[in-house]
Amino acid sequence: MRPTVLAALLALSLSTAVPAMAAVPFGRQEVPAYVTAAINDPARAADHHDDARRQIAAVMTFAQVKPGDTVVELVPASGYWTRVFSAIVGLKGHVYTVWPDEMAKYSAKDYANWQQLITTPHYENVSLLKQPAAQFSVPAKADLVFTAQNYHDYHDPFMGPVDMAKFDKQVFDALKPGGVFVVIDHVAPAGSGLADTDTLHRIDPAVVRKEVEAAGFVFDGESHALRNPADPHTNKVFDKSIRGHTDQFIYRFRKPK
């Protein structure tokens with residue numbers, strides 16, 4: 001993603017209101033009560049308009065995050081996912097949010113808002129890690145590393161680009177044995193490799209799987225919660241014809257025990 005469109009990405013939204021949800025089955029997985037409670041946290045009332053589009057209950061269930069976990073979120077942007085992670089893990093858990101220097105410097109306003117969020121008592125279990133994109137590290141081993149719509153960014157010139165073999169190994173090392181790395185990103189045409197990361201802001205899912213597995217991870221499943229077969233995969237993700245409704249893959253990788 002180019003720095004000039006970062007603000008646009010952070011502002012993605014869809015005005016589809018959703019009511020408070022009870023614990024209901026999603027596919028073969030039932031949404032845990034603690035996920036439902038986190039989604040319905042009054043502190044994130046302003047986020048509810050995005051819940052249907054982002055399939056928050058399905059994503060959190062697939063990520064297997066639970067109370068007491070340590071979560072690392074890469075590039076938290078507006079904090080949409082962070083606020084739910086914070087409520088799920090509770091005070092016995094922690095959420096480390098990583099702002100790469102290369103990303104934060106192009107979004108001073110959003111970064112300033114983030115610094116304010118982490119000082120809010122309601123989010124006392126959230127902290128900020130500001131570091132070079134290529135030097136990922138965390139102060140404690142994590143149960144989950146999560147990235148939504150920005151794995152492709154790490155390949156782009158403004159982020160370094162980052163040596164992804166080293167980066168994925170850093171993620172691997174940051175996890176506890178049995179921990180998971182969840183990657184959500186916009187789908188590029190099959191076989192396109194990395195050709196579209198800096199133009200369409202998309203990435204071929206096969207490339208992601210190959211890179212992450214090369215670091216020692218085991219592929220642990222895929223969710224179709226954000227798939228959209230109507231997306232032609234050839235438009236920029238900010239194109240009004242597809243913005244907010246891109247075809248997205250959700251992969252879960254596990255660090256062997």
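Given the structure is predicted, the values throughout are model-derived calculations rather than measurements.

S.K.: So what's going on with the overall build of the protein chain? Residues and values would help.
M.R.: Secondary structure summary: the protein chain contains nine helices and nine strands in total. Burial status across the protein chain gives 56% buried among its 257 residues. Of the accessible surface of the protein chain, which amounts to about 11,000 Å², a share of 56% is contributed by carbon and sulfur atoms.

S.K.: So, the packing of aromatic side chains: which residues are in play, and what are the values?
M.R.: Applying the stated rule across the entire model yields 12 aromatic pairs. Residues Tyr251 and Phe253 carry aromatic rings whose centres are separated by 5.9 Å and whose planes lie at 85° to one another, so their mutual orientation is edge-to-face. Put simply, the rings of Tyr80, Trp81, Phe85 and Phe146 touch in pairs and so form one group of aromatic residues. The aromatic ring of Tyr80 is capped on one face by Arg54, whose charged end is 4.5 Å from the ring centroid. In this arrangement the basic side chain of Arg209 is found over the ring face of Phe219, its NZ or CZ atom lying 3.8 Å from the centre.

S.K.: So, the sheet that holds strand S5 (residues 126-131): which residues are in play, and what are the values?
M.R.: Read across the sheet, seven strands follow the order S5-S4-S3-S6-S7-S9-S8 without closing on themselves; strand pairing throughout is mixed. The open sheet has two edge strands, S5 and strand S8 (218-223), and neither has a second partner. Between one strand axis and the next, the sheet turns through 20° on average, direction left out of account. Strand direction decides the pairing type here: strand S7 (residues 175-186) and strand S9 (residues 248-254), joined by seven bridges, are antiparallel. The residue bridging Val180 from the neighbouring strand is Arg254, located in S9.

S.K.: Give me the lowdown on the environment of Asn40, citing residues and values where you can.
M.R.: Mapped onto the elements of the fold, Asn40 is located in the loop between helix H2 (33-39) and helix H3 (51-54). Taking the C-alpha atoms as reference points, Asn40 and Val84, separated by 44 residues in sequence, lie 9.0 Å from one another.

S.K.: Run through helix H4 (residues 56-63), naming residues and quoting values.
M.R.: Of all eight residues in H4, eight are buried, a share of seventy percent or more. Listed in full, the buried residues belonging to H4 are Ile56, Ala57, Ala58, Val59, Met60, Thr61, Phe62 and Ala63.

S.K.: Could you give an account of the pattern of salt bridges, naming the residues involved and the relevant values?
M.R.: Any two side chains of opposite charge can pair, given that their charged atoms come close. Scanning the model with the defined rule gives 14 salt bridges in all. Residues Asp143 and Lys176 are paired through a salt bridge, measuring 3.1 Å at the closest nitrogen-oxygen approach. With Asp143 in strand S6 (residues 142-148) and Lys176 in strand S7, the pair connects residues that are 33 residues apart, well separated along the chain. A relative accessible area of 17% places Asp143 in the buried class. Take Lys176: its relative accessible area is 30%, and that puts it in the partly exposed class. Here Asp220 makes a salt bridge to Arg252, at a shortest N to O gap of 2.8 Å. Taken together, the residues span a long stretch of sequence, with Asp220 in strand S8 and Arg252 in strand S9 at a distance of 32 residues. With a relative accessible area of 8%, Arg252 lands in the buried category.

S.K.: Can you explain the side chain of Asp69? Please cite residues and give values.
M.R.: Structurally, Asp69 can be placed in the loop between H4 and strand S3 (70-74). Relative accessible area serves as the criterion here: at 5%, Asp69 is assigned to the buried category. Within the structure, the side chain of Asp69 is placed 3.0 Å from the side chain of Lys66, a separation counted as a polar contact. Those residues in contact with Asp69, other than ones at most four positions away along the chain, are Gln64, Val89, Gly93, His94 and Asp143.

S.K.: Any details on the packing of H4 against helix H5 (residues 80-89)? Residues and values, ideally.
M.R.: Between H4 and H5, the shortest axis-to-axis distance is 12 Å and the interhelical angle comes to 55°. With respect to each other, H4 and H5 are oriented oblique. As H4 runs across H5, the sense of the crossing is right-handed. The segment H4 lies against H5, with Ile56, Val59 and Met60 engaging Tyr80, Trp81, Val84, Phe85 and Ile88. Per-class residue counts for the contact of H4 with H5 are eight nonpolar, no polar and no charged.

S.K.: Help me get a handle on the environment of Leu200, residues and values and all.
M.R.: Looking at where Leu200 falls in the secondary structure, it is placed in the loop between S7 and helix H9 (205-214). In this structure Leu200 comes out as buried when scored by relative accessible area, which is 15%. Counting along the chain gives 36 residues from Leu200 to Lys236, while the straight-line C-alpha distance between them is 4.0 Å. The contacts of Leu200, once residues within four sequence positions are left out, are His233, Thr234, Asn235, Lys236 and Val237.

Reading the values: rules and limits
Residues numbered from 1 in each chain as written. Predicted model: local features only at pLDDT ≥ 70, side-chain atom pairs only at ≥ 80, totals over all residues. Heavy atoms only, no water. Helix = DSSP H or I, 4+ residues; strand = E, 2+ residues; numbered from the N terminus. Buried < 20%, exposed > 50% of the residue type's maximum accessible area, 1.4 Å probe, protein only. Areas by Shrake-Rupley, 256 points an atom, 1.4 Å probe, with all protein chains shown as cover. Phe/Tyr/Trp six-rings, centres within 6.5 Å; stacked < 30°, edge-to-face > 60°. Lys NZ or Arg CZ within 6 Å of the ring centre and 35° of its normal. Pairing = 2+ DSSP bridges. Axes fitted to C-alpha atoms, helices over the stretch in contact; angles between N-to-C directions. Salt bridge = Lys/Arg side-chain N within 4 Å of Asp/Glu carboxyl O. Polar contact = N/O pair within 3.5 Å; in protein donor to acceptor, adjacent residues only side chain to side chain. Contact = heavy atoms within 4.5 Å. Parallel < 35°, antiparallel > 145°, perpendicular 65-115°, else oblique. Left-handed = near helix turned anticlockwise from the far one by under 90°. Nonpolar A, V, L, I, M, F, W, Y, C, P; charged D, E, K, R; others polar.

So far we have only geometry, and geometry alone does not tell us how the molecule works.
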